[in-house]
Amino acid sequence: MATQTLTEQNFDEIVTGNDIVLVDFWADWCGPCKSFAPTFEASSEKHPDVVHGKVDTEAQQGLAAAANIRSIPTIMAFKEGVLVFAQPGALPPAALEDLVSQVKALDMDEVRKQLAEQQQS
């Protein structure tokens, strides 16, 4: 599956409407973003069951601000609508593959339990 363009209009729908969503926050002027793009695209081809979305931080400044993006590229992973990973910096192919595997293996009941405990403290 090719990467999808995410905007303020479709972001929530895509993140909540799919099991796993990886998001690449990028900009056209960003060298590391451009070198990471083929790695992200290859991952989208290898994992058709994972939605790979891209947010152009120049075109979607409100969305980038809402996501608290401070540097790009930033990679975020959502599972069942819950943010489970966020890290600035381009990932090498092996690290991106490892991230996808870890997100697929997450026990979301346990994640939600931990989130609930954090919110109570």
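Computed from a prediction, not measured in an experiment: that's the story for all the values here.

(A) Structural context of the sheet that holds strand β4 (residues 74-79). The mixed open sheet is built from 5 strands, whose spatial order is β1-β3-β2-β4-β5. Each edge of the sheet is formed by a strand with only one pairing partner; in this case those strands are β1 (4-5) and β5 (82-88). Bridging between strand β2 (residues 20-26) and strand β3 (residues 51-56) involves 6 bridges; their strand directions are parallel. Paired with Val-21 across the strands is Val-51, a residue of β3. With respect to the sheet, helix α2 (residues 31-46) is in contact with β2, β3 and β4, its orientation differing from that of β3 by roughly 155°.

(B) Inspection of α2 at higher detail. With 16 residues, α2 extends 24 Å between its outermost C-alpha atoms, agreeing within 8% with the 22 Å of an ideal straight helix rising 1.5 Å per residue. At Ala-37, α2 shows its largest kink, close to 30°, and the proline Pro-38 lies no more than four residues downstream. By the burial criterion, the buried members of α2 are Cys-33, Phe-36, Thr-39, Phe-40, Ser-43 and Ser-44. In this fold, the buried residues of α2 make contact with β2, β3, β4 and α4 (93-105).

(C) Seen up close, the packing of aromatic side chains. In total, this model carries 2 aromatic pairs according to the counting rule given. Considering the side-chain rings of Phe-36 and Phe-40, the 5.8 Å spacing of their centres and the 45° angle between planes classify their relative orientation as tilted. In this pair, Phe-36 and Phe-40 are both assigned in helix α2, 4 residues apart and thus about one turn of the helix distant. Judged by relative accessible area, Phe-36 falls into the buried class, the value being 2%. We classify Phe-40 as buried; its relative accessible area is 0%.

What counts and how
- Residues numbered from 1 in each chain as written.
- Predicted model: local features only at pLDDT ≥ 70, side-chain atom pairs only at ≥ 80, totals over all residues.
- Heavy atoms only, no water.
- Pairing = 2+ DSSP bridges.
- Helix = DSSP H or I, 4+ residues; strand = E, 2+ residues; numbered from the N terminus.
- Contact = heavy atoms within 4.5 Å.
- Axes fitted to C-alpha atoms, helices over the stretch in contact; angles between N-to-C directions.
- Expected span 1.5 Å × (residues − 1).
- Bend = angle between axes of the 7 residues up to and from the residue.
- Buried < 20%, exposed > 50% of the residue type's maximum accessible area, 1.4 Å probe, protein only.
- Phe/Tyr/Trp six-rings, centres within 6.5 Å; stacked < 30°, edge-to-face > 60°.

Don't take any of this as a statement about function, it's just geometry.
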